[in-house]
Amino acid sequence: MTSMTLGSGATAIDLKHVKVFYSDKLAVDDVSIPIYKNKITAFIGPSGCGKSTVLRAINRMNDLIPGARVEGEINYHGKNLYGKEVDPVEVRRRIGMVFQKPNPFPKSIYDNVAYGPRLLGVTDKRTLDEIVERSIKGSFLWDEVKGDLKKSGLALSGGQQQRLCIARTIAIEPDVILMDEPCSALDPIATQAIEELMKELVKSYTIVIVTHNMQQAQRVSDFTAFYSIRKAEETGGQERRWGVLGEFAPTEQLFSNPKSEETERYIRGEFG
Amino acid sequence: MKRYALNLHPNTFVRYQNRNLFSLYQWSTLKCLLNIVCDNTGLTPIHIRGQKQDMATTIEVKRKNGAIEAALANDASGRPRIEKRGRPFDDFMRYLLLACGTISVLTTLGIVWVLGSEALAFFTSVNDQGNVFSTVLGNLGNFLTGTQWQPGAGLFGIWPLLEATLMTSFMAMLVAVPLGLGAAVYLSEYASQRTRSTLKPVLEVLAGIPTVVYGYFAITFMTPLLQGVFGRDTVQFYNTASAGLVMGIMILPTIASMSEDALTAVPRALREASYGLGATKFETISKVVIPAGLSGILAAAIVGISRAVGETMIVALAAGAGPRFSFPPDFFVAAETMTGHIARISGGDLSYGSIDYQSLFAIGLALFIFTLLLNMLSRYVTNRFREAYQ
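Not measured: the values here are computed from a predicted model. (Residues numbered from 1 in each chain as written. Chains lettered and ligands numbered in written order. Predicted model: local features only at pLDDT ≥ 70, side-chain atom pairs only at ≥ 80, totals over all residues. Heavy atoms only, no water.)

J.: Tell me about the overall build of chain A, and name the residues and values.
T.: When you go through chain A residue by residue, the secondary structure sums to 11 helices and 10 strands. For chain A, buried positions account for 54% of its 272 residues. Of the contacts made within chain A by residues no fewer than 6 positions apart, 69% connect residues no fewer than 24 positions apart. Carbon and sulfur atoms form 47% of the exposed surface of chain A, whose accessible area is close to 12,200 Å². (Helix = DSSP H or I, 4+ residues; strand = E, 2+ residues; numbered from the N terminus. Buried < 20%, exposed > 50% of the residue type's maximum accessible area, 1.4 Å probe, protein only. Contact = heavy atoms within 4.5 Å. Areas by Shrake-Rupley, 256 points an atom, 1.4 Å probe, with all protein chains shown as cover.)

J.: Lay out the sheet that holds strand S2 (residues 25-36) of chain A with the relevant residues and their values.
T.: Residues and elements named next belong to chain A. Strand order in the open sheet made by the 10 strands is S5-S4-S1-S2-S10-S9-S3-S8-S7-S6, with mixed pairing throughout. Only two strands of the sheet have a single partner each, and these edge strands are strand S5 (79-80) and strand S6 (95-98). Two elements, strand S7 (residues 176-180) and strand S8 (residues 206-210), share five bridges in a ladder whose sense is parallel. Looking across to S8, one finds that aspartate 180 is bridged to valine 210. Its contacts with the sheet place helix H8 (residues 188-201) against strand S3 (40-44), S7 and S8, and it is angled at close to 150° to S8. (Pairing = 2+ DSSP bridges. Axes fitted to C-alpha atoms, helices over the stretch in contact; angles between N-to-C directions.)

J.: With reference to specific residues and values, describe helix H6 (residues 211-230) of chain B.
T.: All names here are of chain B. Of all the bends found along H6, the most pronounced is centred on alanine 218 and spans about 40°. By the burial criterion, the buried members of H6 are Tyr214, Gly215, Ala218, Ile219, Met222, Thr223, Leu226 and Gln227. On its buried side, H6 packs onto helix H5 (193-206), helix H7 (240-264) and helix H11 (313-318). Trailing H6 by a residue or two, glycine 231 shows a phi angle of about 95°, which is positive. (Bend = angle between axes of the 7 residues up to and from the residue.)

J.: Before we move on, could you go through the environment of phenylalanine 43 of chain A and cite the residues and values that matter?
T.: Residues and elements named next belong to chain A. Along the chain, phenylalanine 43 falls in strand S3. On a C-alpha basis, the gap between phenylalanine 43 and valine 210 in space is 4.6 Å, while along the polypeptide they are 167 residues apart. Setting aside residues up to four positions removed in sequence, phenylalanine 43 forms contacts with Ile33, Ile35, Lys51, Val54, Leu55, Ile58, Val208, Ile209, Val210, Thr211, Ala225 and Tyr227.

J.: Just give me the short version of the layout of surface pockets, but keep the residues and values in it.
T.: The computed volume of the largest pocket comes to approximately 490 Å³. Forming the walls of the largest pocket are 17 residues, and the residues nearest its centre are Leu64 of chain A together with Ser188, Glu189, Arg268 and Arg271 of chain B. At the level of elements, helix H4 (159-190), H5 and helix H8 (268-276) of chain B are the ones that each hand at least two residues to the lining of the largest pocket. Residue composition of the lining of the largest pocket, by class: six nonpolar, four polar and seven charged. (1 Å grid on protein atoms, 1.4 Å probe; cavity = no way out; pocket = protein on both sides within 12 Å on 5 of 7 lines; lining within 4 Å. Points joined across faces, edges and corners; volume = space filled by probe spheres on them. Nonpolar A, V, L, I, M, F, W, Y, C, P; charged D, E, K, R; others polar.)

J.: Describe the pattern of salt bridges, with residues and values.
T.: Residues and elements named next belong to chain B. Here the structure, examined in full by the defined rule, presents 25 salt bridges over all chains. Ionic pairing is found between glutamate 260 and lysine 200, a salt bridge with its closest N-O pair at 2.8 Å. With glutamate 260 in helix H7 and lysine 200 in helix H5, the pair connects residues that are 60 residues apart, well separated along the chain. Note on accessibility: glutamate 260 and lysine 200 belong to one class, buried. (Salt bridge = Lys/Arg side-chain N within 4 Å of Asp/Glu carboxyl O.)

J.: Can you break down a nonpolar patch on the surface residue by residue, with the values?
T.: A cluster of nonpolar side chains, namely Phe89, Phe92, Leu96 and Leu97 of chain B, defines an oily patch on the protein surface of about 440 Å² accessible area. Within the secondary structure, phenylalanine 89 of chain B is located in helix H2 (residues 88-125). (Patch = residues over 30% accessible without salt bridge, like charges linked within 9 Å, V, L, I, M, F, W, Y side chains within 5 Å.)

J.: Describe the interface of chain B and chain A, and please don't skip the residues or the numbers.
T.: Listed as interface residues are 22 residues of chain B and, on the opposing side, 22 residues of chain A. Both faces considered, chain B and chain A share a buried interface measuring about 1,800 Å² in area, 64% of it formed by carbon and sulfur atoms. The interface formed by chain B and chain A holds two salt bridges in total. Note that glutamate 272 of chain B and arginine 56 of chain A form a salt bridge whose closest N and O atoms lie 2.6 Å from each other. Where chain B meets chain A, there are five residue pairs in polar contact (both at pLDDT 80 or more). Elements with a contribution of two residues or more to the side of chain B that touches chain A: H8 and helix H9 (281-292) of chain B. Here the side of chain B that touches chain A takes eight residues from H8 of chain B, the largest share from any one element. Across the side of chain B that touches chain A, the residue classes break down as 11 nonpolar, six polar and five charged. (Buried area = accessible area lost by both parts, 1.4 Å probe. Polar contact = N/O pair within 3.5 Å; in protein donor to acceptor, adjacent residues only side chain to side chain.)

J.: Lay out the packing of aromatic side chains with the relevant residues and their values.
T.: Tallied over the entire structure, the rule returns 16 aromatic pairs over all chains. Taking the centre distance of 6.3 Å and the plane angle of 65° together, the rings of phenylalanine 143 of chain B and tryptophan 149 of chain B count as edge-to-face. Residue phenylalanine 143 of chain B shares its accessibility class with tryptophan 149 of chain B, and that shared class is buried. An aromatic cluster is defined as three or more aromatic residues linked by ring pairs; in this entry it consists of Phe122, Phe123, Phe143, Trp149 and Phe156 of chain B. Positioned above the aromatic ring of tyrosine 110 of chain A, the side-chain terminus of lysine 150 of chain A is 5.7 Å from the ring centre. Cation over ring: lysine 281 of chain B sits above tyrosine 190 of chain B, and NZ or CZ is 4.9 Å from the ring centre. (Phe/Tyr/Trp six-rings, centres within 6.5 Å; stacked < 30°, edge-to-face > 60°. Lys NZ or Arg CZ within 6 Å of the ring centre and 35° of its normal.)

J.: Would you mind going over unusual backbone geometry in detail, with residue names and values included?
T.: With an omega of -5°, the peptide bond running from phenylalanine 327 of chain B to proline 328 of chain B counts as cis. Relative to the elements of secondary structure, proline 328 of chain B occurs in the loop between H11 and helix H12 (338-347). Although it is not a glycine, arginine 60 of chain A adopts a positive phi angle of roughly 60°. For arginine 60 of chain A, the position within the fold is in the loop between helix H2 (51-58) and strand S4 (68-76).

J.: Report on the packing of H12 of chain B against helix H13 (residues 355-385) of chain B, specifying residues and quantitative values.
T.: All names here are of chain B. Where H12 contacts H13, the axes come no closer than 10 Å and their chain directions differ by 150°. Here H12 is positioned roughly antiparallel relative to H13, judged by the angle of their axes. Note on packing geometry: the crossing formed by H12 with H13 is left-handed. Where H12 abuts H13, its residues Met338, Thr339, His341, Ile342, Ile345 and Ser346 lie against Leu360, Ile363, Gly364, Ala366 and Leu367. In terms of residue class, the contact of H12 with H13 is made up of seven nonpolar, four polar and no charged. (Parallel < 35°, antiparallel > 145°, perpendicular 65-115°, else oblique. Left-handed = near helix turned anticlockwise from the far one by under 90°.)

J.: Before we move on, can you summarise the pairing of S8 of chain A with the specific residues and values?
T.: Residue and element names in this part refer to chain A. Judged by how many residues are buried, S8 sits mostly within the fold: five of five residues are covered. Burial of S8 is two-sided: the residues Thr206, Val208 and Val210 facing one way and the residues Ile207 and Ile209 facing the other way are all buried. One ladder, built from four bridges, connects S3 with S8; its direction is parallel. Of the residues in S8, the one forming a bridge with isoleucine 40 is isoleucine 207. The handedness of the S7 to S8 crossover, carried by H8, is right-handed. (Right-handed = clockwise from strand over helix to strand, strands pointing away.)

This is the structure:
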């Protein structure tokens, strides 16, 4: 399965034989997938299959975990993100991330959104005001908070907090937005708001989303990567588990006509 | 306490992990229930204790600290026991703890009472100025504004003592806050798990050194050092700089340790959010971690100031033995702090009820009010600047 056969436009990121280790224990083995530009790619699979691990490898978030190591290549604009000359800080400025649990800073709504631009050296008040307004509008939160940007980000509801986190991410205008189960802590209405927002955002951004919710993957994504778990008995009777890529296909095809039996069983809800 | 009841037959014998725990019926049912309890509470069955009370069986799930998390009980009839019953031990503990609380509050009130009444006696009797009201007001005015403390001449101005206290505390904070915060940031953000687990206990041992040792350290090391750097003509043997600097070293571990706790408590999610937006490590620390932990850091600083203001042994040994007011403040001359003065005077022959004796209570009250104001300030500051993350 190569990007050619799926081919629809340019890729933003190419994962080639990516392996992730946590303190020398293999966590994910040999993942090769393309992430298409201005498309939503969903990562699905049972718990412990490494889908979040792969996601966090894409913007070098795993660097923050002591002992984490990535092998293989993650190519971004023709450059391997794990090349020696690459600065992870620069990577994260271009590949933003939205986390599972909304994690606004304990600062005002304004300061939350202005955080990234300020890091990039924007100090002019008027420019910041513009960026903040544009970003909050971009995450469909403006009408709810426009009167009171001084209010703490933590005073918002869970769904609003998550949209604030998205606003914060798009304020630095990344190429790619990684979303790690962004709706798992939200109620259905807030989830719907985020999903609609994603469909809007994908016009200007490339999105990768990890989700436990197969309906969500079907609703929002263009491509889906299914990850599954491999197990092996180790000497001493201990079981070793690691994640592998099960199948990658356009979402419609993966859900209607899965190639592997494992994928089919998973999407029918037989395990997970 | 949550109670769980189930039907048990008291005569069924059960061994669990080679220990006789209890006799009961339907062990597997019980085990399931216990496992549910344990799953919910994060406890392991090793903490389960069985107890035979007559024909009834009680099983309690305990935490490691002994607190009872849940209990399963039945009576001899085999029916679950759910009726209310007296808990004498609980009641006893309740009153015991209430007594502990009451004693500490009453002690404080007692100290305030003694301080207040003796200080009032002082202010009513130092220099008579006709009626009681104007005497108290006049003496209080002299006490708060006077720059000379000469009991022999009837001069009781707090400023020489207060100034020395402020100077030594200022010196101490100058050392302790930046170094302490720096150490805390290093420990919580940069040090590896192993380095941290070695360094933190060492730091805490430093906090346990008796202050008299620090006092000698000031005289035998810090003062000669200052004299070497600034010259013997400038630096007197007894001086507030030496005492203050060493006091800073004494407070350093407290501030470092408390600040480290505050920084470590900042959720990982906030750090990740910052890194995810392309922040460097230092940007993350200075713009997210420290602001989020600021209330704890300020609390640490206030505890440090309070300790510096109240510290006695170091200043008594190294700062000097005579009240002296200098303006502008000269850190290299001898002076006596409020605490140092109290220690020296009460060490000599002091007759009960004399003016000297009563003046100490006036200083004591001033110290008390000073630290009280510091505490109130810290509460205000922490509430005002805190970035609460929960």
